[in-house]
Each structure stands twice: as structure tokens, then as C-alpha cells.
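Commentary on secondary and tertiary structure
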Amino acid sequence: MRHLVDTLRESHHLNDEGYEALLTSEDAELLEYLRREAQRVATSVFGQGIFVRGLIELTNVCRNDCYYCGIRRSNVALPRYILTHEQVMQSCQAGHELGFRTFVLQGGELPREKAPWIAGLVADIRARWSDCAITLSLGEWPREDYELFRNAGADRYLLRHESHNAAHYAKLHPREMSLDNRLRCLNDLRELGFQTGTGIMVGSPGQTIAHIVEDIKFIELFKPQMIGLGPFVPHHDTPLGQFPAGSIDLTTRLYSIFRLMFPHALIPSTTALNSLHPEGRVMGIRAGANVVMPNLTPASARENYTLYDGKAITDPAEGIQQLETQLNRIGYHIDWGRGDYKEPIKTL
Ligand code: 5AD
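First, a word on scope: everything that follows refers to the structure included in this document. Every value quoted in this text rests on a predicted model; they were computed, and no experiment measured them. (Residues numbered from 1 in each chain as written. Predicted model: local features only at pLDDT ≥ 70, side-chain atom pairs only at ≥ 80, totals over all residues. Heavy atoms only, no water.)

Overview of the nonpolar core
Residues Tyr146, Phe149, Tyr157 and Phe258 are the most contacted members of the largest nonpolar core, which totals 96 residues. If one sorts the elements of this core by residue count, helix α10 (residues 248-261) sits on top with eight residues. By size, the runner-up hydrophobic cluster in this structure holds eight residues, among which are Phe46, Phe51, Met226 and Met293. (Core = buried A, V, L, I, M, F, W, Y, C linked by side-chain atoms within 4.5 Å. Buried < 20%, exposed > 50% of the residue type's maximum accessible area, 1.4 Å probe, protein only. Helix = DSSP H or I, 4+ residues; strand = E, 2+ residues; numbered from the N terminus.)

Quick look at the structure:
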């Protein structure tokens, strides 16, 4: 079955059966070959450098009610916060001093009236740190609000599609949400010139291998610049809190598959992975991921940004030291560049 890995590496595509075979294989040798080839492709494009993004968890206020997510609006047990403009600027300042050149503002979906406030924040970050990339991960908005964010200076937007199967999507989300609107958002973001990221939770309740193949095929078509995948991790105060966590193995296997499909994509080794296993981040990098997102959120807020149970919490400066040590141990280092997506130069 090694030929599947070779075909994926050379043509960046497999048929449905091929993807399914890689996702379900229990052949340790084949899986090690998949991992090794993905890691080899990643280092041939990015070298031994791993990009870092400073994550600022802007708010845990959310107008949405996703069944898996700890900050869903129905979770009344959670104390809510919105960072102040000043707190965000201070977090960026601290991050910039540490060396970060990408800031990711992530958060729940604020009420629509807050769009101008978000745009103002983006504009101020853009004006003060012109050498930095600004990524937003703030969920679903009407196109005109995305346009406001883009015009204010945001460069990138992360919005996982979560599941490309409409029936499965409906098991994870309340009725007022739809896969169609999620896809509308992704298309708007792309048209507005954002570097766009999408992805899924691996092992979300009800997810089958066939669903994952559908997700792979959507991503193959959409060609995002960034691909975000993390294991589902239950949160005790949600309707899906009793389901088991997703598998680390399947998550890293997908990193490898996407790396072979998209040699140049930015693929983070995600926080959820590290929350399930202390070496999760390293496992992700060894499978072909090339980005990590250390947390710059002020500590008091961070403890209430609980998408799932057991989130790993470390102080930013200390976290960077640990990360560098962890990376050095496997022959990698932090790359402090902005780390924009770069299309390969095509030669005839
Ligand atoms: N487990 C894992 N990931 C989660 N997310 C939200 N809730 C959970 C959970 N319980 C992810 C979603 C979202 C991203 C910001 O966090 O995929 O897109």
C-alpha cells in the first residue's frame, strides 16, 4: 500500500478508496512511511523552522450555541469576558517583545454591533505593528463585516467548516446554523483577499470515516492556505460532554495526508492535541505540521476561555522557552518570521 503514499505525494490526490484506506489502515509500517514522507515534504519546503502565532483569546462571549463548545451561549456556568482595547494592545506589545510577528485574535461570536469595535482594534494593531500579520478567528459574520475587518488591515481568517456533511453538521450545531452559511462565509473571506484557513475537529460525535473523506474532498477543492485540525475534546457543560475525545493518531494521520496534498499549506499542531498529550505538539510536527500558536491572553481571562476541558495553560514567556527546548530536541527551532503563505514559483 506504500504506493498510496507515493501517489499522494506526487499527484497530491487520491480517490475516495485511497483516502479511506489511509485513514483506516492498521499497518504500522505504512503509517510510519506516511508520517515520514509528510515530515520530509514539510522540511523540504519550510526547513527546520516552525512558525509561531501569538494567540489572543479576545472574548468568550458568543451568540452561537454549538453543541460541542464550552463557550456556547447556553453555558450559564461560565463567567464571561471581553478583553478591553488596552488589554489587547498590551498583549500584542508583550508578544511583539517576545518576537511574535503574527497575532491571532480568536474568540466567540460577538454581537453584530461589535463589528466596528473589532475593526478599530485591528486598525490600531495594524498602525502600531506594521511588520506583523493579523489573523482573525471570530466566527461567522455578514460579508460587509468581513469587509470592514479586511479594510482595517486583517490579513488572514480562520474558520473551520467543522463538517462538510450537512447531516453531521446538523448534529453538532443548533438549527439556526447551517453548513451553507459556513461555506458562504468561507467564500466571502476568500473573495475579500484573506489568506483563509479551514478545517475540522477530528473524532467529533457522529463523525465517520466517510465524513472525513468528504472533508478532505472539500478541502482539496477549496484549497485553503491554512488547515486547522484538532481532536474533539469533550467539555462537561455541553450537550456532547459525554462523548469520548478524538484520536491523536487519526489527527496526526490527517496532518500527514494534508501535508502531502498541500506541501505549502500552513498547518498548525493545535492546542487541543497538546491538551490530550504533553508531547502532542511534537507529534503533530513530526507528522508534517509547521505552525504552533502559543497563548498571549492575560492569565485571568485565559482560564475562562474554555472551549473544552483540560486545556493546557502556560505563561507566554515560559511557554516559549519550553517550546524552543521541545523543538530543539527533535532538531527544529522557532522561525520568528511572519510566515505568510507562499505559492511555489512555477517553472516551465
Ligand atoms: N473540542 C475540540 N475543539 C473544539 N473547538 C470548539 N469546541 C471544541 C471542543 N470541544 C474548536 C472548533 C472551533 C475552534 C475555534 O475550536 O473547531 O472552530
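Additional details are given in the paragraphs that follow.
Topic: the sheet that holds strand β1 (residues 49-52)
The three strands are arranged β8-β1-β9 in an open sheet whose pairing can be described as parallel. Strand pairing shows two members of the sheet lacking a second neighbour, β8 (291-292) and β9 (333-335), which therefore form its edges. As paired strands, β1 and β9 are joined by three bridges and run parallel to one another. Paired with Phe51 across the strands is Asp335, a residue of β9. The strands touched by helix α14 (residues 316-329) are β1, β8 and β9; relative to β9, the strand with the most contacts, the crossing angle is about 120°. (Pairing = 2+ DSSP bridges. Contact = heavy atoms within 4.5 Å. Axes fitted to C-alpha atoms, helices over the stretch in contact; angles between N-to-C directions.)

Quick look at the sheet that holds strand β6 (residues 195-202)
Within a sheet, adjacent strands bond to each other through the backbone by hydrogen bonds, running parallel or antiparallel. Read across the open sheet, the six strands follow the order β2-β3-β4-β5-β6-β7; overall the sheet is parallel. Whereas interior strands pair on both sides, the edge strands pair on one side only; in this sheet they are β2 (54-59) and β7 (226-231). Taking the axes of each pair of neighbouring strands and ignoring which way they run, one obtains an average angle of 20° across the sheet. In this fold helix α5 (residues 115-128) packs onto β2, β3 (102-107) and β4 (133-137), with an angle of close to 160° to the strand it touches most, β4. Along the sheet face, helix α9 (residues 209-222) touches β6 and β7 and points at about 175° away from the line of β6.

Observations concerning the packing of aromatic side chains
Inspection of every chain in the model, using the stated rule, returns seven aromatic pairs. Ring centres of Tyr146 and Tyr157 lie 5.1 Å apart, and the angle between their planes is 75°; on these two criteria the pair is classed as edge-to-face. Linking Tyr146 in helix α6 (residues 143-152) with Tyr157 in strand β5 (residues 156-158), this pair joins segments that are eleven residues apart in sequence. Look at Tyr146 and you get buried, because its relative accessible area is 0%. Classification of Tyr157 by relative accessible area gives buried; the value is 0%. A network of ring pairs unites the aromatic residues Tyr146, Tyr157 and Phe194 as a single cluster. The positively charged end of Lys114 is found above the aromatic ring belonging to Trp117, 5.0 Å away from the centroid. Here the basic side chain of Arg190 rests over the ring of Phe222, its NZ or CZ set 4.1 Å away from the ring centre. (Phe/Tyr/Trp six-rings, centres within 6.5 Å; stacked < 30°, edge-to-face > 60°. Lys NZ or Arg CZ within 6 Å of the ring centre and 35° of its normal.)

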